[in-house]
Amino acid sequence: MDEDLRQPKKSKTSKSFPVSSRLAFRCSNHIREDHGQPIFGISFNEFFPATQHPIFATAGSNRVSVYRCLPGGEIAPLQKYEDPDVEEIFYTCCWSYDVDTKESLLIASGARGVIRVINTCTRRLVHSLLGHGNSINDLRIHPHDVMILLSSSKDHALRLWNVKTGVCVAILGGVDGHRDEVLSGDFDIHGRFVFSCGMDHALKMWSLETLNLKEKLAEARVYDEASASQSFPTTTVHIPQFSTRSVHRNYVDCVRWFGELVLSKSCENAIVLWKPGSVTKNLDDLSLTDLNMYATVLHQFDLTNCDIWFLRFCLDFEMRVLACGNQSGRIFLWDLAVEEPGLAKHTQLFHPRCESAVRHVGFSSCSRVLISVCDNGTIWRWDKK
């Protein structure tokens with residue numbers, strides 16, 4: 001990624017908004033990782049028992065680090081993985097688990113385009129997934145099959161992987177795919193569709209419901225490289241089911257499903273809530289051959305000091321709270337548990353000592369802890385009041 005585009009710009013501080021009870025957080029602690037480099041990603045282990053203290057991982061420099069949130073605001077370090085390639089810079093991480101042993105798997109990737117799958121129980125590297133031709137910006141796990149991984153890359157494509165067998169199932173890109181770096185991707189809640197976005201200003205929806213993809217995903221589950229007579233036959237999906245460039249006019253660096261709606265963000269000081277096609281159009285009925293294809297914008301959540309790219313937002317696990325940091329250290333929160341998006345209450349979190357760009361934010365599965373990570377290598381913990 002171009003380093004100059006990652007640099008924060010000085011800007012005026014915006015005023016805070018009224019606080020609602022769902023959005024009431026206080027800063028309980030912060031620490032700095034000793035590498036001193038930007039931390040680009042944070043991910044809570046959603047598969048860890050909810051009755052225990054939350055565990056999260058951060059991605060920055062050539063390191064992914066694992067922490068536990070203890071009572072009293074403590075951020076307790078548990079372990080870290082340093083990539084053998086000192087030139088690696090991890091941009092993103094996510095969690096899964098081994099379906100046989102139930103042991104946690106931490107998955108990370110970044111500048112080198114290699115996906116590292118780490119067993120945090122045995123502290124061993126399980127797989128190094130190779131295939132992308134450039135850096136990887138985003139990783140997501142399928143909502144119902146923890147062995148299916150989605151990666152978004154600078155090589156203009158997304159890939160579907162089976163984490164258990166280590167094979168690349170499919171490449172999403174090509175003829176009608178992205179024309180520039182893919183910055184983000186996400187599964188819908190049912191795992192039927194993938195949305196992607198990137199530097200070409202485009203947002204694309206890919207269907208996982210085709211017979212070919214279903215067969216490939218099933219084949220990948222039982223593939224055994226040791227006994228196979230040939231390498232796994234990765235398929236390529238060239239044509240998305242939906243595509244638009246009308247929602248944003250600049251790089252689109254984050255996209256997440258919100259039910260059958262979509263939230264996406266560009267470096268235009270706003271997160272946009274919209275629907276593919278018309279409000280009444282069914283997702284299964286969308287097609288690139290539909291001459292009436294368009295995106296219906298429903299609402300815009302305004303930000304300030306957020307006009308650099310790769311500042312990514314998140315939703316809590318119940319999809320009731322939306323959070324996004326900006327380049328002056330503030331976090332914007334919206335309560336989405338409303339009948340109309342325009343009625344969403346909002347506020348800002350800030351600390352006088354946090355002035356660095358907030359690259360990513362993440363909620364614990366209980367939604368009571370919010371972690372933000374910054375350009376200066378700091379981790380900030382916010383607890384529900």
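Residues numbered from 1 in each chain as written. Predicted model: local features only at pLDDT ≥ 70, side-chain atom pairs only at ≥ 80, totals over all residues. Heavy atoms only, no water.

Q: Explanation requested: the overall build of the chain in the structure shown.
A: Along the chain, the regular secondary structure elements total one helix and 29 strands. Here the chain has a C-alpha radius of gyration of 20 Å; the compact-globule value for 385 residues is 21 Å, and the two agree. Projected onto its principal axes, the C-alpha positions of the chain cover 60 × 55 × 40 Å. Burial analysis of the chain (385 residues in total) assigns 57% to the buried set. (Helix = DSSP H or I, 4+ residues; strand = E, 2+ residues; numbered from the N terminus. Rg over C-alpha atoms; globule rule 2.2 N^0.38 Å. Buried < 20%, exposed > 50% of the residue type's maximum accessible area, 1.4 Å probe, protein only.)

Q: What is the right way to look at the packing of aromatic side chains in this model?
A: What characterises a pair of aromatic rings is the spacing of the ring centres plus the angle enclosed by the ring planes. Scanning the model with the defined rule gives 17 aromatic pairs in all. Pairing Tyr91 with Phe310 gives two aromatic rings, centres 5.9 Å apart and planes at 70 degrees, and the pair type is edge-to-face. Pair noted here: Tyr91 is in strand E6 (residues 90-97) and Phe310 is in the loop between strand E22 (295-302) and strand E23 (314-315), with a separation of 219 residues, a long-range link. Put simply, the rings of Phe40, Tyr91, Tyr251, Trp309 and Phe310 touch in pairs and so form one group of aromatic residues. Geometry around Phe310 places Arg312 over its ring, the cationic atom sitting 4.5 Å from the centre. (Phe/Tyr/Trp six-rings, centres within 6.5 Å; stacked < 30°, edge-to-face > 60°. Lys NZ or Arg CZ within 6 Å of the ring centre and 35° of its normal.)

Q: Explain the sheet that holds strand E21 (residues 270-276) here, please?
A: Strand pairing within a sheet occurs via backbone hydrogen bonds; the two strands may be parallel or antiparallel. Pairing within the open sheet is antiparallel, and its four strands lie in the order E19-E20-E21-E22. With one partner strand each, in any of the chains shown, strand E19 (252-258) and E22 form the two edges of the open sheet. Taken pair by pair, the neighbouring strands of this sheet meet at an average axis angle of 25 degrees, ignoring direction. (Pairing = 2+ DSSP bridges. Axes fitted to C-alpha atoms, helices over the stretch in contact; angles between N-to-C directions.)

Q: Looking at this structure, I do not really get unusual backbone geometry. What am I missing?
A: With the exception of glycine, the majority of residues adopt a negative phi angle, and the majority of peptide bonds are in the trans configuration. At Asn269, a position not held by glycine, the phi torsion is positive, near 60 degrees. Accessibility expressed as a relative area gives 25% for Asn269, which makes it partly exposed.

Q: What should I look at first to understand the side chain of Asp253 in this one?
A: Within the element layout of this structure, Asp253 appears in strand E19. A polar atom in the side chain of Asp253 sits 2.8 Å from the side chain of Lys265. Within the local environment of Asp253, its side chain forms a polar contact with the backbone nitrogen of Leu311, the two atoms lying 3.4 Å apart. If near-sequence neighbours (up to four positions away) are discounted, Asp253 is found in contact with Leu183, Ser184, Cys197, Lys265, Ser266, Ile308, Trp309, Phe310, Leu311 and Arg312. (Polar contact = N/O pair within 3.5 Å; in protein donor to acceptor, adjacent residues only side chain to side chain. Contact = heavy atoms within 4.5 Å.)

Q: Could you clarify how one ought to interpret the confidence of the model for the chain in this entry?
A: Close reading of the predicted structure is inappropriate where its pLDDT is low. In this model, the chain carries an average pLDDT of 93, and 94% of its residues clear a pLDDT of 70 or more. A low-confidence stretch, residues 1-17 (pLDDT under 50), is modelled with 42 contacts involving residues beyond four sequence positions or located in other chains. (pLDDT = per-residue confidence, 0-100.)

Q: Sorry, what's going on with the pairing of strand E15 (residues 193-198) here?
A: Each regular strand shows side chains that alternate between the opposite faces of the sheet. Within E15, six of the six residues are buried, which leaves the element mostly enclosed by the surrounding structure. In the sheet, strand E14 (residues 182-187) pairs with E15 via five bridges, with the strands oriented antiparallel. Along E15, the bridge assignment pairs Gly185 with Ser196. Looking at chain direction, E15 and strand E16 (residues 203-207) are connected through five bridges and run antiparallel. Looking at the pairing, Phe195 lines up with Met205 of E16. In this structure, the hairpin formed by E15 and E16 is closed by a connection of four residues, where His201 is found at a positive phi of approximately 70 degrees.

Q: Honestly, the environment of Pro240 in this entry has me stumped. Any pointers?
A: Inspection of the secondary structure assignment puts Pro240 in the loop between strand E17 (235-237) and strand E18 (242-244). Distance in space between the C-alpha atoms of Pro240 and Leu172 is 8.0 Å, their sequence separation being 68 residues. Not counting chain neighbours up to four residues away, the residues in contact with Pro240 comprise Asp176, Lys204, Met205, Trp206 and Leu288.

Q: Just to check I follow, could you spell out the environment of Tyr81 for this structure?
A: You can see Tyr81 is positioned in strand E5 (residues 75-82). Spatially, the C-alpha atom of Tyr81 lies 5.3 Å from that of Val64, the residues being 17 residues apart in sequence. Sequence-distant contacts of Tyr81, that is, excluding residues within four places in its chain, are made with Asn62, Arg63, Val64, Phe90, Arg116, Ile118 and Leu125.

Q: Please clarify how helix H1 (residues 211-222) should be interpreted in this entry.
A: In an α-helix, one turn spans 3.6 residues, which is why side chains three or four residues apart end up on the same side. Its 12 residues place the ends of H1 18 Å apart at the C-alpha level, agreeing with the 16 Å of an ideal helix rising 1.5 Å per residue. Within H1, burial applies to Leu213, Lys216, Leu217 and Ala220. Each buried residue of H1 lies within a common arc of 100 degrees when the element is viewed along its axis, so the set occupies one face. Exposed and facing more than 90 degrees away from the buried side of H1 are Leu211 and Val222. For H1, the secondary structure elements touched by its buried residues are strand E11 (148-153), strand E12 (158-162), strand E13 (167-172), E16 and E17. (Expected span 1.5 Å × (residues − 1). Arc of directions from axis to C-beta.)

Q: Where do I start with the pattern of salt bridges in this structure?
A: Oppositely charged side chains can pair when the atoms bearing their charge come close. For the structure shown, the criterion picks out 20 salt bridges. Across the pair Glu82 and Arg63 runs a salt bridge, and its minimum N-O distance is 3.1 Å. Remark: Arg63 occurs in strand E4 (residues 63-69) and Glu82 occurs in strand E5; sequence separation between them is 19 residues. One connected set of salt bridges, linked through shared partners, spans Asp34, Arg63, Lys80 and Glu82. (Salt bridge = Lys/Arg side-chain N within 4 Å of Asp/Glu carboxyl O.)

Q: Help me understand the side chain of Ser207, please; the structure alone is not making it clear to me.
A: One can find Ser207 in strand E16. By relative accessible area, which is 13% here, Ser207 ends up buried. Separated by 3.1 Å, the side chain of Ser207 and the backbone nitrogen of Glu209 make a polar contact.

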